[in-house]
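Examining the three-dimensional arrangement
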Amino acid sequence: MNKPFFSNLKCRECGKLYEKKAIHVCEFDFGPLEAAYDYDAIKASISRSVIESRPQTMWRYRELLPIDGEPTVGKQVGFTPLVKADRLAKAFGIKTLYIKNDTVNYPTLSFKDRVVSVALSRAVELGFKTVACASTGNLANSVAANAAAAGLKSYVLIPADLEQGKVLGSLVYGTNVIAIEGPYDQVNRLCSEIAGKYGWGFVNVNLRPYYAEGSKTMGFEIMEQLGWRIPRHTVAPMASGSLLTKLHKAYGEFVKCGIVEETAFSVYGAQATGCAPISHAMKRGTDMVKPVPKPETIAKSLAIGTPADGYYAIHAMRQTGGNAEDVTDEEIVDGIKWLAEYEGIFAETAGGVTVACAKKLIDTGKIPRDGEAVLCITGHGLKTQEAIVGKCGETRLIKPSLREFEEHVYNKDMAAAV
Ligand SMILES: *Cc1c(COP(=O)(O)O)cnc(C)c1O
Ligand SMILES: [Zn+2]
């Protein structure tokens, strides 16, 4: 690296600048710290063609990511497909739909591989030997996998009631899985105490400013894959609200760097009704997010009762003329099935939330039917199988004979078809 594109950490509230260390809150007003860049320098050194000449990973936008040198962890992450979803668009009665498909992100099948690859690359630069996280499941999977591949020691802390796929999806990498008897907020509070006392690199606590920036790459990729432009409407699931605020930031940064034209866009947030502190605040017309002490939803990956970035997510939605919506567990299952049956994509519960909320936003006219929307689908369905067991039809059991096949399958189906 020749020029320091990534210059400082900066308080989102008072603007005070900090050194690029493992810190995440302002010492004056406790505002969150965020990565700050020299956009003029970046504008002078990257362009569409420079980006296009690079390998198809999230690191093709490395000037806009908060590390000093070359990435060392998660070098192959990102550049997932943007799928034009014509069948789903027709079913929902909207002109154009796209699916940003992070169910197939490498290596752990969720968008968390983006944030972890940045956080751990930075953790290595800062000299951490032990890394950790507070997680609703996907983050734990990604920290465990990427730490294993990088030879780092890891601890992942999760609520004790997670899906088996999420638990095994951490244990298999030989990480230390600590299950906490309590909801995510209590896991997170404990992690803050541990981070302060032992100096480990918690990707979403003391390394959070670095972690959070990784989400921007989902937005960068969407713009590039649309042919270098900002989508008119974007729907994203919200847990802490970080992804949504970073999509907003990503669109603005590409404008600032002269990579896309400035065009109108709106961002929309999706939550599960059983834990919808941000959506409910949005609907009440306030930016005061009321904590949900006991989340109750099958969308466990989104079950954060006190969302760290809720306030900023609300402002991103308001400022862009966007909105928020939330859906019941039943609607979440419908959303999972729609995406699977119309587009052949098997998403986890958070994907069901996004799809079902998008349908509501279209049905209520908040996203216009003659418009275009990108739905951010963030995790794979094989990790949350419990949510749909018994809700997708049944297998038909027959003996291995042609007669049985004809009697129990073919003839019946043909008769039903007329
Ligand atoms: C973590 C996560 C999100 C969003 O998280 P934010 O905290 O809002 O950035 C969305 N979907 C899935 C599947 C996740 O694991
Ligand atoms: Zn401050």
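About the thresholds
Residues numbered from 1 in each chain as written. Chains lettered and ligands numbered in written order. Predicted model: local features only at pLDDT ≥ 70, side-chain atom pairs only at ≥ 80, totals over all residues. Heavy atoms only, no water. Pairing = 2+ DSSP bridges. Helix = DSSP H or I, 4+ residues; strand = E, 2+ residues; numbered from the N terminus. Axes fitted to C-alpha atoms, helices over the stretch in contact; angles between N-to-C directions. Contact = heavy atoms within 4.5 Å. Parallel < 35°, antiparallel > 145°, perpendicular 65-115°, else oblique. Left-handed = near helix turned anticlockwise from the far one by under 90°. Nonpolar A, V, L, I, M, F, W, Y, C, P; charged D, E, K, R; others polar.

**Comments concerning the sheet that holds strand S13 (residues 372-377)**
- Read from one edge of the open sheet, six strands run S4-S5-S13-S10-S11-S12, paired in mixed fashion. The strands lining the two open edges of the sheet, one partner per strand, are strand S4 (82-84) and strand S12 (324-327). Adjacent strand axes in the sheet meet at a mean angle of 25 degrees, parallel and antiparallel pairs treated alike.
- Strand direction decides the pairing type here: strand S11 (residues 266-272) and S12, joined by four bridges, are parallel. Bridging from a neighbouring strand, alanine 270 pairs with glutamate 325 of S12.
- Against the sheet, helix H10 (residues 242-256) contacts strand S10 (233-237), S11 and S13, and its axis sits at roughly 150 degrees relative to S10.
- Across the sheet, helix H14 (residues 349-363) lies against S10, S11, S12 and S13, angled at about 120 degrees from S12, the strand it touches most.

**Quick word on the packing of helix H4 (residues 112-125) against helix H5 (residues 138-150)**
- Two elements in contact, H4 and H5, have axes separated by 9 Å at closest approach and are oriented at 45 degrees. Comparing their axes, H5 and H4 come out oblique. Remark: the crossing between H4 and H5 carries right-handed chirality. Seen from H4, the contacting residues are Lys112, Asp113, Val115, Val116 and Leu120; seen from H5, they are Asn138, Leu139, Ser142, Val143, Asn146 and Ala147.
- Tallied by class, the residues present in the contact of H4 with H5 amount to six nonpolar, three polar and two charged.

**Details of the sheet that holds strand S7 (residues 153-159)**
- The strand order S8-S7-S6-S9 describes an open sheet built from four strands, whose pairing is parallel. Two strands in the sheet have a free side with no partner beyond their single neighbour: strand S8 (176-180) and strand S9 (201-202).
- Sheet topology places strand S6 (residues 130-134) next to S9; two bridges connect them, and they run parallel. Note that in S9 the partner of alanine 132 across the bridge is phenylalanine 202.

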